[in-house]
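# Structural overview
Here's the letter readout for the chains.
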Amino acid sequence: MEKISNDSERELIGFEAAVRRHEWWLIGRLSLVAGDREEARDLAQQTFLKASQRWPIGSDDETARWLSVVGVRLAISERRRRRRWGFLPFRETDSTWAIETDPDLWAALSALDRRTRAALVLTVVEGYSQEEVAEMLDVPRGTVASWLSRARVGLRAALEERE
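Residues numbered from 1 in each chain as written. Predicted model: local features only at pLDDT ≥ 70, side-chain atom pairs only at ≥ 80, totals over all residues. Heavy atoms only, no water.

## Some points on the packing of helix α5 (residues 114-125) against helix α6 (residues 130-137)
In helix packing, the relevant descriptors are the interaxial angle and the interaxial distance, both defined with respect to the helix axes. Remark: α5 packs on α6, axes separated minimally by 10 Å, with the N-to-C direction vectors making an angle of 135°. With respect to α6, the element α5 is oriented oblique. Once α5 is placed against α6, the crossing between them reads as right-handed. Of the residues in α6, those touching α5 at A119, L122 and T123 are V133, M136 and L137. Among the residues making up the contact of α5 with α6, the classes are represented as 5 nonpolar, 1 polar and no charged. (Axes fitted to C-alpha atoms, helices over the stretch in contact; angles between N-to-C directions. Helix = DSSP H or I, 4+ residues; strand = E, 2+ residues; numbered from the N terminus. Parallel < 35°, antiparallel > 145°, perpendicular 65-115°, else oblique. Left-handed = near helix turned anticlockwise from the far one by under 90°. Contact = heavy atoms within 4.5 Å. Nonpolar A, V, L, I, M, F, W, Y, C, P; charged D, E, K, R; others polar.)

Printed below as a string of structure tokens:
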């Protein structure tokens, strides 16, 4: 085995390993927030580019959290940019891959606005507290609580409607 000659090579190898370890997980999470797998891939690439400029980030858990926060913020910023320029805010091109077993749930999730969906994914799927999500998204905790309440009401209504 060849000895790694310097710190920058070690960091590069560590970064490449982190990308391999977190790439599909991050794309999956961003797909739930963005509503489109291809957009999620683009957002993940932007997130990894930002990570490369800040590397090393920390432990594997710290890296995952950092990637999640940055990726979600990029998704929300992209949403704002598209709205400002009149693009469609949400595409349903390849969305059912994320929740193939329950297309009704995916349809209900897709009806939520991006910030509400992000708060829901970060708390329910990722397991972050409302306080942590508020910090990630740079909003008050009460705003996150409101988004989650709206998400529950919206999902319940949409799913009852489909029954």
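From this point, the narrative continues.
## Observations concerning the nonpolar core
In terms of nonpolar packing, the biggest core is built from 44 residues, with L30, F48, V72, L120, L122, V133 and L137 touching the most fellow members. Of all the secondary-structure elements, those providing two or more residues to this core are α1 (7-34), α2 (37-54), α3 (60-85), α4 (103-110), α5, α6 and α7 (141-162). With 9 residues, α1 is the single largest residue contributor to this core. Every residue in contact with L30, bar those within four places of it in the chain, is listed here: G35, A40, L43, A44, T47, G71 and V72. (Core = buried A, V, L, I, M, F, W, Y, C linked by side-chain atoms within 4.5 Å. Buried < 20%, exposed > 50% of the residue type's maximum accessible area, 1.4 Å probe, protein only.)

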